[in-house]
Amino acid sequence: MTTINMTPDSEAAVRTILDRAIGVASGYGPEIESEVVEAAKVPLDEASAQHLYERVLTVLADLDGQNLSEQQRTEARAAIQREAAEIAAATPRPEPEQEAQQVVLVEKHGLRVRDVTPVPQFNGVVVPMKEGYVDVLTLNPWDENQRVILHVADFQARFHRQPDRQELLGILQGTVKLQSGTADPFNLKPLAGSIARKGVERPPIITHEGVPHDGNRRIAASRYVVESGEFSAEEVERARWIRVWQTLPDTTDDQLNAVVLSLNFEEDYKEKWPEYVKAKLVAEEFRSRLEMLGELPTTPKERAIRADVAKKFAIRAQDVTRYLRMVQWAEDFTDYHVESGKSEADVQYRTNTAFQWFYELDAGPTGSKVTERFEQDPDLRGIVYDLMFDGTFDSGAQVRALYQVANDDEAYRQLVRAHQIRELQRAEAKELITDAINGARERVRAAKAIALDQYALGIIKRLGDTPANSWSTLDTELLTKLRGTLIAATGAVDGVLSTRGEGAGEQQ
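Residues numbered from 1 in each chain as written. Predicted model: local features only at pLDDT ≥ 70, side-chain atom pairs only at ≥ 80, totals over all residues. Heavy atoms only, no water.

A. Spotlight on the packing of aromatic side chains. One pass over the full model with this rule turns up 10 aromatic pairs. Between the aromatic rings of W357 and F393, the centroid separation amounts to 6.3 Å while the plane-to-plane angle is 80°, which identifies the pairing as edge-to-face. Of this pair, W357 sits in helix α15 (residues 357-361) while F393 sits in the loop between α17 (378-390) and α18 (396-400); the two residues are 36 residues apart in sequence, bridging distant segments of the chain. With relative accessibility at 14%, the residue W357 sits in the buried group. Arranged with centres 5.6 Å apart and planes meeting at 80°, the rings of F374 and Y385 form a pair that is edge-to-face. With F374 in helix α16 (residues 370-376) and Y385 in helix α17, this residue pair connects regions lying 11 residues apart in the sequence. Of the two residues, F374 and Y385, both sit in the buried class. (Phe/Tyr/Trp six-rings, centres within 6.5 Å; stacked < 30°, edge-to-face > 60°. Helix = DSSP H or I, 4+ residues; strand = E, 2+ residues; numbered from the N terminus. Buried < 20%, exposed > 50% of the residue type's maximum accessible area, 1.4 Å probe, protein only.)

B. Region of interest: the packing of helix α8 (residues 216-227) against helix α9 (residues 233-240). Between α8 and α9, the shortest axis-to-axis distance is 8 Å and the interhelical angle comes to 150°. As judged from the angle between their axes, α8 and α9 are roughly antiparallel. Regarding α8 and α9, the two cross each other, and that crossing is left-handed. Contact with α8, carried on its side by S222, V225 and V226, involves E235, V236, A239 and R240 of α9 and no other residues of that element. Among the residues making up the contact of α8 with α9, the classes are represented as four nonpolar, one polar and two charged. (Axes fitted to C-alpha atoms, helices over the stretch in contact; angles between N-to-C directions. Parallel < 35°, antiparallel > 145°, perpendicular 65-115°, else oblique. Left-handed = near helix turned anticlockwise from the far one by under 90°. Contact = heavy atoms within 4.5 Å. Nonpolar A, V, L, I, M, F, W, Y, C, P; charged D, E, K, R; others polar.)

C. Inspection of the side chain of R218 at higher detail. With respect to the element layout, R218 can be found in helix α8. Apart from the residues within four sequence positions on either side, R218 is in contact with L191, I195, V200, R202, P203 and P204.

D. View of α8. Under the 1.5 Å per step criterion, the end-to-end length of α8 is 16 Å for 12 residues, consistent within 8% with the ideal 16 Å. Counting buried positions over the 12 residues of α8 gives 10, a clear majority of the element. By the burial criterion, the buried members of α8 are N216, R218, I219, A220, A221, S222, R223, Y224, V225 and V226. Looking at the buried side of α8, the elements it contacts are α6 (165-173), α7 (188-198), β6 (212-214), α9 and β7 (241-247). At the C-terminal side of α8, G229 shows a positive phi close to 80°. (Expected span 1.5 Å × (residues − 1).)

E. Representation of the pattern of salt bridges. Overall, the coordinates contain 27 salt bridges when judged by the stated rule. For K130, the salt bridge identified is with D115, shortest N-O distance 2.7 Å. Highlighted residues: K130 in strand β4 (residues 129-135) and D115 in strand β1 (residues 114-115), separated in sequence by 15 residues. K130 sits in the partly exposed class, given a relative accessible area of 32%. Among the ionic pairs, D135 bridges to R240, the shortest N-O distance being 2.9 Å. Of this pair, D135 sits in strand β4 while R240 sits in helix α9, placing them 105 residues apart in sequence. Taking relative accessible area as the criterion, D135 reaches 12% and is therefore assigned buried. Judged by relative accessible area, R240 falls into the partly exposed class, the value being 29%. Overlapping salt bridges bring together E275, R316, D319 and R322 as one network. (Salt bridge = Lys/Arg side-chain N within 4 Å of Asp/Glu carboxyl O.)

F. Seen up close, the nonpolar core. Grouped together as the largest cluster of nonpolar side chains are 49 residues, with contacts concentrated most on F358, L361, M388 and F393. With nine residues, the single largest contributor to this core is helix α13 (residues 317-339). Core analysis: the second largest hydrophobic core is formed by 32 residues, F155, L169, V176 and A196 among them. (Core = buried A, V, L, I, M, F, W, Y, C linked by side-chain atoms within 4.5 Å.)

G. Quick look at a nonpolar patch on the surface. Together, Y455, I459, L463, W471, L479 and L486 line one region of the surface with nonpolar side chains, adding up to about 520 Å² of accessible area. Of all elements in the fold, only α21 (426-464) and α22 (476-499) reach the threshold of two or more residues within the nonpolar patch. Broken down by element, the residue count for the nonpolar patch peaks at three residues, all from α21. Checked against the element boundaries, I459 lands in helix α21. Assessed through its relative accessible area of 36%, I459 is described here as partly exposed. (Patch = residues over 30% accessible without salt bridge, like charges linked within 9 Å, V, L, I, M, F, W, Y side chains within 5 Å. Areas by Shrake-Rupley, 256 points an atom, 1.4 Å probe, with all protein chains shown as cover.)

H. The arrangement of the packing of α17 against helix α20 (residues 409-421) in detail. One can describe the packing of α17 onto α20 by two numbers: an axis separation of 10 Å at closest approach and a directional angle of 50°. On the basis of the axis angle, α17 is oblique to α20. In this structure, α17 meets α20 at a crossing whose hand is left-handed. Contact residues: D379, L380, G382, I383, D386 and L387 in α17; Y412, L415, V416, A418 and H419 in α20. Of the residues assigned to the contact of α17 with α20, the class counts are seven nonpolar, two polar and two charged.

I. Seen up close, helix α14 (residues 344-353). For α14, the complete set of buried residues consists of V347, R350 and T351. Seen along its axis, α14 keeps its buried residues to an arc of 105°; they face one direction. Set apart from the buried face of α14 by more than 90 degrees, the exposed residues are Y349 and T353. The elements touched by buried residues of α14 are α11 (275-293), α13, α15 and α17. (Arc of directions from axis to C-beta.)

J. Layout of the pairing of β4. Of all seven residues that make up β4, six are buried, and the element is covered over most of its length. Summarising the sheet, β4 and β7 pair through seven bridges and their orientation is antiparallel. Bridge pairing links D135 to W241 in β7. (Pairing = 2+ DSSP bridges.)

Structure representation (structure tokens):
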């Protein structure tokens, strides 16, 4: 972003009006508050700035609240317009950005600047390019990229101008807040973490002047690693120098369009590895490292091993933990069915298909996991594994709900019956499972309602039997919290009584 040198007088004038405005804007509604705060952050064009300052000064002068004649009111508005015009004119603004100069590629990591061979083709169009390294800080996002076009339009509508290069980067990184944006609107944080670990793997395609026509997210994420201060020196260096493909000076618009359309419309038909396969590799690596340790690891040592394994596979440490648990139950599922006489190949295929369900088996807080019921009821383990293998469950949500089913006698009987008839009456078995889950949930809700009845009766008796002078023994903070809770509860009770035609607060 262009550096602005403000004179002391102009800076004082601008800051005075903005500081005054921000100080009182919240009292005049969210619209003016939002406009004032954003104006303090982002330079507006002169006409838009004058319009805003007129609005702010009018509010501050409180013309509508004063007893003025029409002539006095007209003169006051004219004075406000003059003052706003002076402030707007005195506010320095960024100079128009200079035309981009050629970005020069350099040799890095043993790669000499060279022609890309074979010559790339996009949608059948040949596009000769050079390959080499470039400092990512010399690259800026492309404002005509369709990925950001809605956000740029949002910026224009709010600030009445195009974003400059730094602001466009901020839009991508989520630091420039827009109505259409979120904290990380383009999901750059995970990409930045990946780049910090292993660099930019697929080279962005830039023009001779350095405008990226492919790889805007990779560039923005790399700059985030370099500039955010959240990463190590080694990670910053890895992200700063990136390999790019650069088009030649005589590249036509048709050739550039072919690049953009091909890379954003054509499928690459890359098939991701099954999560079961990835999880097994992670689990094998973790177990191998434990064996090499040769002793029972301490908690810090095990945590360090998880972190190392996560780094090797470019995933998070919590993903390692999740995979280990899922693989543990997937292996138990496999052993159960192989020991029952099923083909190992068939079991492996089914384990892969149902792999996400092993997360649901072990999901939830301690005391409410399906796997905890397996230890108490071995028969339940066999029933669940059979139903999972046969595809009788419709979703992982049903698998997770089995804990409530196992704790409800009627629902458990329905689950057993579904297991018995699943091979000959698949549709009926599915209905029984649905009914068992719904019934168990309803009975849990009913039990909670009964518990609330008993709790309410207990409160009534306890508070009714409490002498008035007993409250003096409680400290002020506790009494304040109690009063707030009672007020909120009274409001809720009054609402219910009102819907039943009872007078609020009447004693029965």
